[in-house]
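Notes for the structure review
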Amino acid sequence: MHFAMTDEQRMIVETTRAFVETELYPHEAEIERTGHLPMELIRELQAKAMAAGLYAANMPEDVGGAGLDTLSWLLYEKELGRANYALHWTCVARPSNILLAGTPEQREKYLVPCMKGETWDCLAMTEPGAGSDLRGMSASARQDGTDWVLNGTKHFISHADIAGFTIAFMATGEEDTPRGRKKKITAFFVDKGTKGFTVREGYRNVAHRGYTNAILEFDDCRIPAENVLGEVHKGFEVAGKWLGATRLQVAATCLGRADRALAHALSWAAERRQFGQQIGKFQGIGFKLADMATELKAAELLTWEAGWKYDAGTVTEADMAMAKLKASEMLAMVADEAIQIHGGMGLMDELPLERIWRDARLERIWEGTSEIQRHIISREMLRPLGG
Amino acid sequence: MKVLVPVKRVIDYNVKVRVKTDGSGVDLANVKMSMNPFDEIAVEEAIRLKEAGTVSEIVAVSIGVKQAQETLRTALAMGADRAILIVAADDVHTDIEPLAVAKLLKAVIDAEDPGLVIAGKQAIDNDMNATGQMLAALTGWAQATFASELKVEGEHALVTREVDGGLQTIKVKMPAIVTVDLRLNEPRYASLPNIMKAKKKPLEEKTPADYGVDVTPRLEVLKTSEPPARAAGVKVGSVDELITKLKDEAGVL
Ligand SMILES: Cc1cc2nc3c(=O)[nH]c(=O)nc-3n(C[C@H](O)[C@H](O)[C@H](O)COP(=O)(O)OP(=O)(O)OC[C@H]3O[C@@H](n4cnc5c(N)ncnc54)[C@H](O)[C@@H]3O)c2cc1C
Ligand SMILES: Cc1cc2nc3c(=O)[nH]c(=O)nc-3n(C[C@H](O)[C@H](O)[C@H](O)COP(=O)(O)OP(=O)(O)OC[C@H]3O[C@@H](n4cnc5c(N)ncnc54)[C@H](O)[C@@H]3O)c2cc1C
């Protein structure tokens, strides 16, 4: 075992970090204030990200990505994760890996424009009545001749407003499983503008200002058979194969923000004086710093290990669940304590801490809630014992 | 034309520098190190000349500890073609003095025969601002320091220099040594695809003995100390009060 970064990884981190600090940080305050990311800014930053080879770097080289191994990709995600989410996700986009599951024609139509920054993808699974329990979804697709007809509602769908298309997961039947009757699921490409497909403004949420979510409505929306992604009834298998590492992406972005919050807390603790000394010298503050750094390191090691195992082919669902669980809960703690160490100043929007604290709240919910991650971990532990 | 770009590994400019408790120098243990920012500008300028078709090959050279190969990898990832590392010290705290560096660079020049050397005007660690000038003396080449603009025209380099009170443009015959200032260009990010390609570029490792150069220090550091803490400021109530204070107390008006 060894824990040193390669030269390439070190340089990837340096470039990504420099880009985030120089190009993204200066726009954060404005987006936090307005909740809006203007298209001219997106275009300007996309061009810079492309010149630095950072745009869509998660993708393999043969489709124009950087061809990073999983660990290097996660190091890059950590650096991007330092910044406002809307900024880095939109301007340094990482198209979903699931686009690689498409046929050559689908890649050409959907992946290529995402790589060029002409459009963005979005993934629609969650419904008002089905969140954690996706196989209980009610939005459905039925076959009519060779076409498919989609009906139902999806909500919380991230950045569907700017996405040129959505990948919609729809119920296409039912089957008996050891855990009762469950829906069979199929994934479909649906182009924006297709008759019967409406994207409505979503909710305002406390986290990630500028990063929108939307409500999607399908009302007898008819699409051709060539829009099926993967095989009919195998939507979850496609998602499982291609979206598995998304939890590690969430974990890595949490690491970046926690690292940023901790750096602020550390320098404040060293500079701020009360009662005639640096507040860091009060054990009450020093011990907080120690706990924050220890938790951050623990989360990092879980994330890097899972990333390493991902490429070695030995990663388990529990490994990825542990990394996501730990990193998201660690971030909540680190953000909260960073504010505490700053006293009243920590709550003010002069510093990025209040928003890191707000943003942290989401991370324990999306990509599987903390409870669902614990469920995955314990299920894997109990399974050999007949659980 | 071949260009030689010396690059130095120095303490990162963002790091808050701390003096060692024994006053012998700056504490570099577990401190983030980076390429000297002026050298980044030099690498960038060389790459731009190559992109413009004026330069055919960029050779980056670093002299110092073995870890300086990281700095060279960064130069390669930015766009240098190959690299030479001269391992001249084991301890990160050993600074190779400008004269020794200049002698080694002279030896590299003799072996490589470049048409131009583009170097940083100074390293941000010891702020010597001497290597380029010493190298010009040793080689007998023309020198143009503090460049804020560089144009190559045939046999000559047109260099705009940042001098006290303005800009001066000089024409030097190549081969020449140009040292660069802050405003020459804005260095690019080493792009991800180029980072991946840098691994395959050659990096040759040498020692001062290979060039017959003695790097034993000639200077003795007596003491290193922190700058004095800045005294607290004062708030003034009016412009008149400010002017009075500047006149009577600060004596600057
Ligand atoms: C800002 C934002 C953006 C999003 N973007 C997208 C997107 O782009 N695409 C998309 O499809 N979805 C998206 N989501 C949806 C997200 O994935 C869901 O919110 C998440 O899966 C949880 O579902 P839910 O909100 O319906 O909560 P529920 O599933 O209703 O959960 C409510 C509570 O019950 C708990 N719970 C549920 N089941 C169990 C169980 N078996 N054991 C123990 N506790 C349980 C949960 O942990 C939680 O505490 C987004 C959500 C948000 C907030
Ligand atoms: C929204 C808001 C409204 C406010 N309104 C008012 C108001 O109307 N009038 C007013 O006068 N003030 C007001 N305050 C100020 C508030 O009372 C202070 O923020 C609070 O007393 C903390 O002081 P501080 O923010 O300077 O933090 P600091 O005192 O600098 O504390 C920073 C950190 O150091 C810790 N620390 C300090 N000393 C020690 C020690 N000895 N041992 C261990 N830990 C220590 C603190 O617990 C904290 O974690 C307001 C603050 C806010 C945020």
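Per an unreviewed UniProt entry, chain B carries the name Electron transfer flavoprotein subunit beta and comes from Rhabdonatronobacter sediminivivens. Taken directly from UniProt, the Subunit (unreviewed entry) text for chain B runs: "Heterodimer of an alpha and a beta subunit." The record in UniProt for chain B states the following under Sequence similarities (unreviewed entry): "Belongs to the ETF beta-subunit/FixA family."

The name given to chain A in an unreviewed UniProt entry is Acyl-CoA dehydrogenase family protein, with the source organism recorded as Rhabdonatronobacter sediminivivens. Its UniProt record gives chain A the following Sequence similarities (unreviewed entry) comment, quoted word for word: "Belongs to the acyl-CoA dehydrogenase family." The annotation that UniProt attaches to chain A under Cofactor (unreviewed entry) is "FAD".

**A word on a nonpolar patch on the surface**
Residues and elements named next belong to chain B. Side chains of Val239, Ile243, Val252 and Leu253 sit close together on the surface and give an oily, nonpolar patch of about 400 Å² of accessible area. Tracing the chain through its elements places Leu253 in the segment after helix 7 (239-248). Accessibility expressed as a relative area gives 62% for Leu253, which makes it exposed.

**Quick notes on the nonpolar core**
Formed by 136 residues in total, the largest nonpolar core has its most connected members in A:Tyr76, A:Ile167, A:Phe169, B:Ile118 and B:Leu192. Counting residues per element, this core draws most heavily on helix 7 (residues 246-271) of chain A, which supplies 11 residues. Judged by nonpolar contacts, the second largest core, of 26 residues, contains B:Ala100, B:Ala102, B:Ala107 and B:Tyr211.

**Concerning the packing of aromatic side chains**
Residues and elements named next belong to chain A. Going through the model one piece at a time under the given rule, you end up with 12 aromatic pairs over all chains. A centroid spacing of 6.1 Å and a plane angle of 70 degrees characterise the contact between Trp89 and Tyr211, whose relative ring orientation is edge-to-face. Highlighted residues: Trp89 in helix 4 (residues 85-91) and Tyr211 in the loop between strand 6 (197-201) and strand 7 (213-223), separated in sequence by 122 residues. A relative accessible area of 6% places Trp89 in the buried class. A relative accessible area of 11% places Tyr211 in the buried class. Taken together, the ring pairs connect Tyr85, Trp89, Tyr211 and Trp366 into an aromatic cluster. When the ring centre of Tyr25 is taken as origin, the NZ or CZ atom of Arg260, which lies over that ring, is 3.6 Å away.

**Quick word on the pairing of strand 5 (residues 180-191) of chain A**
Residues and elements named next belong to chain A. Bridge analysis of strand 4 (residues 165-177) against strand 5 gives 12 bridges, and the strand direction is antiparallel. Of the residues in strand 5, the one forming a bridge with Ala171 is Ile185. The antiparallel pairing of strand 4 with strand 5 creates a hairpin that spans 2 residues between the two strands. As paired elements, strand 5 and strand 8 (residues 228-229) share 2 bridges and run antiparallel to each other. By the bridge assignment for strand 8, Ala187 is matched with Leu229.

**Quick word on the sheet that holds strand 5 (residues 82-87) of chain B**
Residues and elements named next belong to chain B. Here we have 9 strands laid out as an open sheet, ordered 9-8-7-10-6-1-4-5-11, and mixed in their pairing. Edge positions in the sheet fall to strand 9 (166-173) and strand 11 (203-206), since each has one partner strand and no second. Taken pair by pair, the neighbouring strands of this sheet meet at an average axis angle of 30 degrees, ignoring direction. As paired strands, strand 1 (residues 2-6) and strand 6 (residues 116-120) are joined by 2 bridges and run parallel to one another. Directly across from Leu4, in strand 6, lies its bridge partner Val117. Across the face of the sheet, helix 4 (residues 131-139) comes into contact with strand 6, strand 7 (142-153) and strand 10 (176-180) while running at roughly 175 degrees to strand 10.

Cut-off values and rules
Residues numbered from 1 in each chain as written. Chains lettered and ligands numbered in written order. Predicted model: local features only at pLDDT ≥ 70, side-chain atom pairs only at ≥ 80, totals over all residues. Heavy atoms only, no water. UniProt positions renumbered as here; feature names shortened; annotations may be inferred. Patch = residues over 30% accessible without salt bridge, like charges linked within 9 Å, V, L, I, M, F, W, Y side chains within 5 Å. Areas by Shrake-Rupley, 256 points an atom, 1.4 Å probe, with all protein chains shown as cover. Salt bridge = Lys/Arg side-chain N within 4 Å of Asp/Glu carboxyl O. Helix = DSSP H or I, 4+ residues; strand = E, 2+ residues; numbered from the N terminus. Buried < 20%, exposed > 50% of the residue type's maximum accessible area, 1.4 Å probe, protein only. Core = buried A, V, L, I, M, F, W, Y, C linked by side-chain atoms within 4.5 Å. Phe/Tyr/Trp six-rings, centres within 6.5 Å; stacked < 30°, edge-to-face > 60°. Lys NZ or Arg CZ within 6 Å of the ring centre and 35° of its normal. Pairing = 2+ DSSP bridges. Axes fitted to C-alpha atoms, helices over the stretch in contact; angles between N-to-C directions. Contact = heavy atoms within 4.5 Å.

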